[in-house]
Amino acid sequence: MLLPFNINVNVNGIPCLRSTAVNVTTTEVRFDFNSHRNVGRPFVGLVIVQLAQAIPTGTTGTLPVVFTTENGNPANLTTYDGENVTAADIAGTGVFLVWVNTQSGEVQLLTGTV
């Protein structure tokens, strides 16, 4: 059966972002990312995130993890019920699946150690 409309879903695959730096302050652990064709555009969906740098040893485990892009907009990485992912939840480098909704500002970790 042919549908009366054409839907192109995931034509270019799942976007992949790789962190370029990790910085620790007294209030957060901030992962920075390079530009991507979806950065700065409205987007709702899955993103594969490679955290290429380990959080430095000795970092306070309760600090929230924040993602930023070169446009400087930070977003807290969260888990269920909007709880912040913390430094203690990220055991090292690796690949994570994240749900992103730029309209609501939601960035939720779907896989990993949390």
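Since this is a predicted model, take the numbers as computed values, not measurements. (Residues numbered from 1 in each chain as written. Predicted model: local features only at pLDDT ≥ 70, side-chain atom pairs only at ≥ 80, totals over all residues. Heavy atoms only, no water.)

### Focus on the environment of Pro 15
Checked against the element boundaries, Pro 15 lands in the segment before strand E1 (16–24). Here the alpha-carbon distance between Pro 15 and Val 47, two residues 32 residues apart in the chain, equals 5.1 Å. (Helix = DSSP H or I, 4+ residues; strand = E, 2+ residues; numbered from the N terminus.)

### Concerning the nonpolar core
Ranked by internal contacts, the top residues of the largest apolar core, which has 23 residues, are Phe 31, Leu 51, Phe 67 and Leu 77. Among the elements of the structure, E1, strand E2 (29–33), strand E3 (44–51), strand E4 (65–69), strand E6 (94–101) and strand E7 (106–109) are those that each provide at least two residues to this core. (Core = buried A, V, L, I, M, F, W, Y, C linked by side-chain atoms within 4.5 Å. Buried < 20%, exposed > 50% of the residue type's maximum accessible area, 1.4 Å probe, protein only.)

### Considering the pairing of E4
For E4, the buried fraction is high: five of the five residues fall into the buried class. Alternating positions in E4 separate into two faces, Val 65, Phe 67 and Thr 69 on one and Val 66 and Thr 68 on the other, with burial throughout. The pairing of E2 with E4 spans five bridges and is parallel. Bridging across to E4, Arg 30 finds its partner in Val 66. Of the pairings in the sheet, the one linking E4 to strand E5 (residues 75–76) comprises two bridges and is antiparallel in character. (Pairing = 2+ DSSP bridges.)

### Regarding unusual backbone geometry
Although it is not a glycine, Asp 81 adopts a positive phi angle of roughly 60°. When you line up the elements, Asp 81 lands in the loop between E5 and E6.

### Focus on the side chain of Glu 28
Position of Glu 28 among the secondary structure elements: in the loop between E1 and E2. Glu 28 gets classed as buried once you look at its relative accessible area, which sits at 14%. Among the polar contacts made by the side chain of Glu 28, one reaches the side chain of Arg 30 at a distance of 2.4 Å. With sequence-adjacent residues up to four places away left out, Glu 28 is seen in contact with Asn 23, Leu 63, Pro 64 and Val 66. (Polar contact = N/O pair within 3.5 Å; in protein donor to acceptor, adjacent residues only side chain to side chain. Contact = heavy atoms within 4.5 Å.)

### Here we look at the pattern of salt bridges
For the coordinates displayed, the defined rule picks out one salt bridge. Of the charged contacts in the structure, one is a salt bridge between Arg 30 and Glu 28, with a shortest N-O distance of 2.4 Å. (Salt bridge = Lys/Arg side-chain N within 4 Å of Asp/Glu carboxyl O.)

### Overview of the packing of aromatic side chains
Tallied over the full model, the rule gives two aromatic pairs. Ring geometry for Phe 31 versus Phe 67: centroids 6.3 Å apart, planes at 90°, classification edge-to-face. Of this pair, Phe 31 sits in strand E2 while Phe 67 sits in strand E4; the two residues are 36 residues apart in sequence, bridging distant segments of the chain. Both residues of the pair, Phe 31 and Phe 67, count as buried. Summarising the aromatic geometry, the rings of Phe 33 and Phe 67 are spaced 5.0 Å apart at their centres and angled 65° between planes, so their arrangement reads as edge-to-face. Here Phe 33, found in strand E2, pairs with Phe 67, found in strand E4; they are 34 residues apart in sequence, far enough to count as distant. A single burial state applies to Phe 33 and to Phe 67, both of which are buried. Aromatic ring contacts, followed pair by pair, group Phe 31, Phe 33 and Phe 67 into a single cluster. (Phe/Tyr/Trp six-rings, centres within 6.5 Å; stacked < 30°, edge-to-face > 60°.)

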